[in-house]
Amino acid sequence: MGKDVIVACDFSSKQATLDFLDMFTYCKPFVKIGMELYYAEGPEIVREIKKRGHKIFLDLKLHDIPNTVKKAMSVLSELDVDICNLHAAGTVNMMKAAIEGLTREDGTRPLLIAVTQLTSTDQKSMEEDLLIKEPIDKVVMHYAEKAKQAGLDGVVCSPLEAQKVHNICGSEFLTVTPGVRFADGDVGDQKRVMTPEQARLIGSDYIVVGRPITASDDPVAAYKRCCKEFIG
Ligand code: C5P
């Protein structure tokens, strides 16, 4: 897999999602399915989008005891998605169990990446709510190193952290970065953002882009612009 733009399909129904994807007549964008759509429509929405020829990042952020995560990952591996994820906070043992569950009998498996610290968590909430006193970027790098140690393929991180993750974990370790906005676009509720071009320059492997494409008056043009800036 190379550099790509992943479109966050944060819709609440199958119909809205398929109507959106139908606009793309010239290509099959890489699609992110998150909790909202998956919980609304179940595994069938994954099969349907896969059948239409899209690559899928299934963003369910698993976090539970190792045995439960292993079994859940085993179910997800049958959906034939391309990337799935979990929380690094579940520990190295949980991440190793996840890989075991995800690996099919023939040895193949989807890519597995870890959420480090959610970008909605700031230093204050980390210290007060989670009792983690270290600086947030140190925590993110620590989680990335633990994910690598467990055998994962990469992390979800802010574009601002991607370069440092590559420096510490190697250039092969994938960085998947949300928080992308056009230079002339609305930031919305994202706090730390980068343009697709800046994300390319700092070495993100995949950018996850939602509203700048899905809420655009012309989603196909917005997607094309994103690809042009990010991939070239
Ligand atoms: O609409 P927008 O471009 O902000 O969408 C970003 C997508 O990436 C959303 O689906 C959001 O849930 C996801 N995400 C994020 N920040 C993270 C992890 C995931 O924005 N740290």
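Above this text is the structure in question.
Residues numbered from 1 in each chain as written. Predicted model: local features only at pLDDT ≥ 70, side-chain atom pairs only at ≥ 80, totals over all residues. Heavy atoms only, no water.

Q: Provide a residue-level description of the layout of surface pockets, including the pertinent values.
A: Approximately 980 Å³ is the volume found for the largest pocket. Lining the largest pocket we find 38 residues, and of these Leu118, Thr119, Ser120, Pro178 and Gln190 sit closest to its centre. For the lining of the largest pocket, the secondary-structure elements that each account for two or more residues are strand 2 (30-34), helix 2 (35-41), strand 3 (56-62), helix 7 (136-150), helix 8 (159-169), strand 8 (206-209) and helix 10 (211-214). Here the residues of the lining of the largest pocket are counted per class, giving 15 nonpolar, 11 polar and 12 charged. Roughly 210 Å³ of volume is contained in the second largest pocket. If you trace the second largest pocket, you find it lined by Arg181, Phe182, Asp184, Gly185, Asp186, Val187, Gly188, Arg211, Pro212, Ala215, Ser216 and Arg225. Its residues placed into classes, the lining of the second largest pocket shows four nonpolar, three polar and five charged. (1 Å grid on protein atoms, 1.4 Å probe; cavity = no way out; pocket = protein on both sides within 12 Å on 5 of 7 lines; lining within 4 Å. Points joined across faces, edges and corners; volume = space filled by probe spheres on them. Helix = DSSP H or I, 4+ residues; strand = E, 2+ residues; numbered from the N terminus. Nonpolar A, V, L, I, M, F, W, Y, C, P; charged D, E, K, R; others polar.)

Q: Lay out the side chain of Thr121 with the relevant residues and their values.
A: Here Thr121 is to be found in the loop between strand 5 (111-115) and helix 6 (123-130). When its relative accessible area of 17% is taken as the criterion, Thr121 is described as buried. In contact with Thr121, not counting residues within four places along its chain, are Met126 and Ile136. (Buried < 20%, exposed > 50% of the residue type's maximum accessible area, 1.4 Å probe, protein only. Contact = heavy atoms within 4.5 Å.)

Q: Report on the site of the ligand, specifying residues and quantitative values.
A: Every residue close to the ligand is listed here: Ala8, Asp10, Lys32, Thr119, Pro178, Arg181, Gln190, Val208, Val209, Gly210, Arg211 and Pro212. One nitrogen or oxygen atom from the side chain of Asp10 is found 2.7 Å from an oxygen atom belonging to the ligand. Residue Arg181 places a side-chain N or O atom 2.8 Å away from an oxygen atom belonging to the ligand. With the chains in place, 84% of the 460 Å² that the ligand exposes on its own is no longer accessible. Counting atoms within 2 Å of the grid points, the majority share of the ligand lands in the largest pocket. Across the shell around the ligand, the residue classes break down as five nonpolar, three polar and four charged. (Near = heavy atom within 4 Å. Polar contact = N/O pair within 3.5 Å; in protein donor to acceptor, adjacent residues only side chain to side chain. Areas by Shrake-Rupley, 256 points an atom, 1.4 Å probe, with all protein chains shown as cover. Sits in = over half its atoms within 2 Å of the grid points.)

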